[in-house]
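An overview of the molecular structure
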Amino acid sequence: MKRVLAIVAVAFLVLSAAAPSAEAPKAAKRPNILFILVDDESPFDLKVYDPTSPLQTPNLDRLAAEGMVFDGAYHMGSFSGAVCTPSRHMIMSGRTVWHLPIGPGATAHCPPNLETNTIPAVFNRAGYATMRTCKTGNSYEGANRQFAVRHDAGKRGDTDETGSAWHAERVLDYLRERAASKDTRPFYIHFGFSHPHDTRDGKPELLEHYGAVNHADRNALPPAHAKQPPLPGNWLPAQPFFHGHPNLRDEVSVSGVWTNRDERTIRNEVGREYACVENIDIQIGRVLAQLKAMGELENTYIFYTADHGIAIGRHGFQGKQNLYEHTWRVPFLAWGPTVKAGARAQGNIYLLDLLATFCDLAAIPPPPSNEGLSFKPVMEGRAPVVRDVLYGAYCGGTKPGMRSVRKGDWKLVKYDVMDGQVRETQLFNLAENPDELLAQHHDPAVVALTGRTPKPAQTNLAADPKHADKLKEMEALLLAEMRRLDDPYRLWNQPDDGLAAPADKPPKVKPAKQGKTGRQGKKSP
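All figures in this text were calculated on a predicted structure; none of them were measured in a lab. (Residues numbered from 1 in each chain as written. Predicted model: local features only at pLDDT ≥ 70, side-chain atom pairs only at ≥ 80, totals over all residues. Heavy atoms only, no water.)

**Considerations on the overall build of the protein chain**
Note the threshold: Labels follow the DSSP assignment, with helices taken as runs of H or I lasting at least four residues and strands as runs of E lasting at least two, numbered in each case from the N terminus. What the globule rule says is 2.2 Å times the number of residues to the power 0.38, and the radius of gyration is computed from C-alpha atoms. With a 1.4 Å probe rolled over the protein chains alone, any residue whose accessible area is under 20% of its type maximum counts as buried; one over 50% counts as exposed, and the rest are partly exposed. By the convention used here, residues are in contact when the closest approach between their heavy atoms is within 4.5 Å. Note on areas: Shrake-Rupley with a 1.4 Å probe; residue coverage comes only from the protein chains shown. For the charge count, each Lys or Arg is scored as positive and each Asp or Glu as negative, with His and the chain ends excluded. Where a charge sits is defined by one atom per residue type, namely NZ (Lys), CZ (Arg), CG (Asp) or CD (Glu).
Looking only at helices and strands, one finds 15 helices and 15 strands in the protein chain. Its C-alpha atoms give the protein chain a radius of gyration of 22 Å, near enough to 24 Å, the size a compact globule of 525 residues would have. The principal-axis extents of the C-alpha atoms in the protein chain amount to approximately 65 × 55 × 45 Å. Taking all 525 residues of the protein chain together, 61% fall into the buried category. When contacts within the protein chain are restricted to residue pairs at least 6 apart in sequence, those whose partners lie at least 24 apart make up 71%. Total accessible area on the protein chain stands at roughly 19400 Å², and carbon and sulfur atoms take up 53% of it. Seen as two clouds, the 63 positive and the 59 negative side-chain charges of the protein chain have centres 5 Å apart.

**Description of helix H12 (residues 354-362)**
Most of H12 sits inside the fold, with eight of its nine residues counted as buried. Of the residues making up H12, those classed as buried are Leu 354, Leu 355, Ala 356, Thr 357, Phe 358, Cys 359, Leu 361 and Ala 362. Positive backbone phi, approximately 55°, marks Ala 363, located one or two places after H12.

**Looking at the sheet that holds strand E8 (residues 300-306)**
Applied cut-off: Whether two strands pair comes down to DSSP finding at least two bridges between them. Fitting a line to C-alpha atoms yields each axis, with helices limited to the stretch in contact; the angle taken between N-to-C directions then spans 0 to 180 degrees.
Taken together, the eight strands give an open sheet; going across it, the order is E6-E5-E7-E1-E8-E9-E2-E10, and neighbouring strands pair in mixed fashion. Looking at strand neighbours, the two that pair on one side only are strand E6 (149-152) and strand E10 (343-345), the edges of this open sheet. The average angle at which neighbouring strand axes cross in this sheet is 10°, direction not considered. Judged from the six bridges that link them, strand E1 (residues 32-39) and strand E7 (residues 187-196) form a sheet pairing that is parallel. Bridge pairing links Ile 36 to Phe 191 in E7. Across the sheet, helix H3 (residues 84-93) touches E1, strand E5 (129-134) and E7, and the angle it forms with E1 is around 170°. Where helix H10 (residues 263-293) meets the sheet, its contacts fall on E1, E7 and E8, and the angle it forms with E7 comes to roughly 160°.

**Structural notes on the state of the cysteines**
Formally: We call a pair of cysteine sulfur atoms a disulfide whenever their separation is within 2.5 Å.
In the structure shown here, the tally under the stated rule is zero disulfides. Among the cysteines around Cys 84, which has no disulfide bond, Cys 134 carries the closest sulfur, lying 9.6 Å off. Its relative accessible area of 1% is what places Cys 84 among the buried residues. Distance from the sulfur of Cys 276, which forms no disulfide, to the nearest cysteine sulfur (Cys 84) is 15 Å. Owing to a relative accessible area of 2%, Cys 276 belongs among the buried residues under this scheme.

**Thoughts on the pairing of E8**
When you tally the buried positions in E8, you get seven out of seven residues, the bulk of the element. For E1 and E8, the ladder comprises seven bridges, and the chain directions are parallel. Looking across to E8, one finds that Phe 35 is bridged to Phe 303. Looking at chain direction, E8 and strand E9 (residues 332-335) are connected through four bridges and run antiparallel.

**Topic: the nonpolar core**
Counted only if it meets this: In these notes, a set of buried Ala, Val, Leu, Ile, Met, Phe, Trp, Tyr and Cys residues joined through side-chain atoms within 4.5 Å is what counts as a nonpolar core.
In terms of nonpolar packing, the biggest core is built from 88 residues, with Phe 70, Phe 123, Phe 191, Phe 303 and Phe 332 touching the most fellow members. With 11 residues, the top contributor of residues to this core is H10. Beyond its immediate stretch of four places on either side in the chain, Phe 70 contacts Tyr 49, Phe 332, Ala 334, Ala 345, Gly 347, Ile 349, Phe 375, Val 378 and Met 379.

**Overview of the sheet that holds strand E12 (residues 389-394)**
Taken in spatial order, the five strands of this open sheet run E4-E12-E13-E14-E15, and their pairing is mixed. Looking along the sheet, the strands with just one partner apiece sit at the ends: strand E4 (77-78) and strand E15 (422-429). Where strand E14 (residues 410-417) and E15 come together, eight bridges link them in antiparallel fashion. The partner of Tyr 415 across the bridge, within E15, is Glu 424. Contacts from helix H15 (residues 468-484) reach E12, strand E13 (401-407), E14 and E15 within the one sheet, and its direction differs from that of E13 by about 110°.

**Remarks on the packing of helix H7 (residues 164-180) against H10**
Short version of the rule: Should an angle fall under 35 degrees it is called roughly parallel, over 145 degrees roughly antiparallel, and 65 to 115 degrees roughly perpendicular, with every other angle called oblique. Residues are grouped as follows: Ala, Val, Leu, Ile, Met, Phe, Trp, Tyr, Cys and Pro are nonpolar; Asp, Glu, Lys and Arg are charged; every other residue, Gly included, is polar.
Between H7 and H10, the least distance of the axes is 9 Å, while the angle of their chain directions is 10°. Taken together, H7 and H10 sit at an angle that is classed as roughly parallel. Contacts between H7 and H10 involve Ser 164, Ala 165, Ala 168, Glu 169, Val 171, Leu 172, Leu 175 and Arg 176 from the first element and Asn 279, Ile 280, Gln 283, Arg 286, Val 287, Gln 290 and Leu 291 from the second. For the contact of H7 with H10, the class distribution of residues is eight nonpolar, four polar and three charged.

**Observations concerning the environment of Thr 450**
Here is the rule we go by: In protein, a polar contact requires one atom able to donate a hydrogen and another able to accept it; more generally it is a pair of N or O atoms within 3.5 Å, and residues adjacent in sequence count only if both atoms are side-chain atoms.
Looking at the element boundaries, Thr 450 is found in helix H14 (residues 444-450). Looking at Thr 450, the relative accessible area reads 16%, which means it is buried. Expressed as a C-alpha distance, the spacing of Thr 450 and Asn 234, which sit 216 residues apart in the sequence, is 7.8 Å. If we skip the residues at most four places from it in the chain, Thr 450 touches Pro 232, Gly 233 and Trp 235. There is a polar contact of 3.2 Å between the side chain of Thr 450 and the backbone nitrogen of Arg 452.

**Quick look at the packing of helix H2 (residues 58-66) against H10**
The N-to-C vectors of H2 and H10 enclose an angle of 65°; their axes lie 7 Å apart at closest approach. Contact residues: H2 offers Pro 58, Asn 59 and Leu 60, while H10 offers Asp 281, Ile 282, Ile 284 and Gly 285. Taken together, the residues of the contact of H2 with H10 sort by class into four nonpolar, two polar and one charged.

Shown next, in the form of structure tokens:
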């Protein structure tokens, strides 16, 4: 425990000493980029998004305090139950969800040899040193092969060798070798973690902070403990209606949870999640300390995010196959030489905007296949958002699935699943109902467990005649976004536009040859 505290203390000193100053001139040399990507994390786990959260992340808190917190960062969605896979393709390529090489629109909407225009390939060509450590599987293998140095492994255990410390050691080894070889090239490091994705086996000393255990007995509930985190404020004992993906792995098979949504199970699982994230925070602190010791930190942009959010009991869901804010949104922190310090921004960014932004920061032309927008103006405090409208999709189960659209404070979610047996509409004013509370959250039995008494207006407003015009407006906006982004499906109350339902499996994509570039993407998000 003394070692953990020492690491955190060092990281505090590191960031304080290297905090970007609004008055300091821009660095003359090209900046480094440290991109930190975790697997399955809701923004509302972190204190910077939920001040009542008991999760201890002093290093992330300091990055947030000295950098920028984005309140509107999203992934665009998925056509697969493995939401990680499309998300990581979008991150690497800057392509929108229906324009990916693994999607149903691959033949018509994705350029060839896309992996040669992904982040590592672009930065290799620009003279950057590129390095990656991350989980294996459910990723973009073609892009991952482009990194000059790569150390991937699934590390979700409860020891340093089997858990998050392994990924940190790979980055630390790389930085030490860089120093020893006197490598002066700017670097792009993809610092990925396998956690907090399940199985959420936390280290014993960190589990103790949250009264949690690595529960593995399907025939018994985990023990209750007063130190366990409270139930999420939008917890439900069951989903309000069926989500439309039968036998979905995340909803029935996650070790420690399975199909249980009771208080003891969810509180213990949230505690396990927090133990895993706290460990990630500790490992980030170690890397920050090494960068400072090498004199590299002040010229490094640092980004922290997740490939998507996660539910863990919120709205009765366990996994990431939904479009509520806890899962559609992602945590997003930015820190670096020109980032406006101590600021928050709505942003309205997608993860697919990262390629354009990284290129903008490094003064590299983005590849012609990129469809993302640079949010550098937001990071520097020169603009509040990069777009006004946000679109989300999930159709990894029955089709056409779920769709969402957000503009300003208003959000629409549509469900068209199980061959038309489930057709639902939800309309939320997120300013008045940020947790998207439903009629089920008003149940006295639910209130007794969450301690949260919703206001009358904190509910689904789709059937409220007072909001009929807003509902019509949002329905039209959703259809416009579906058309603009080449969504191959239509919902029950939309014109079919002459579309034929796509095949479930996309065409096979031949491996790309090195050195070739893709053609211009059709549309911008």
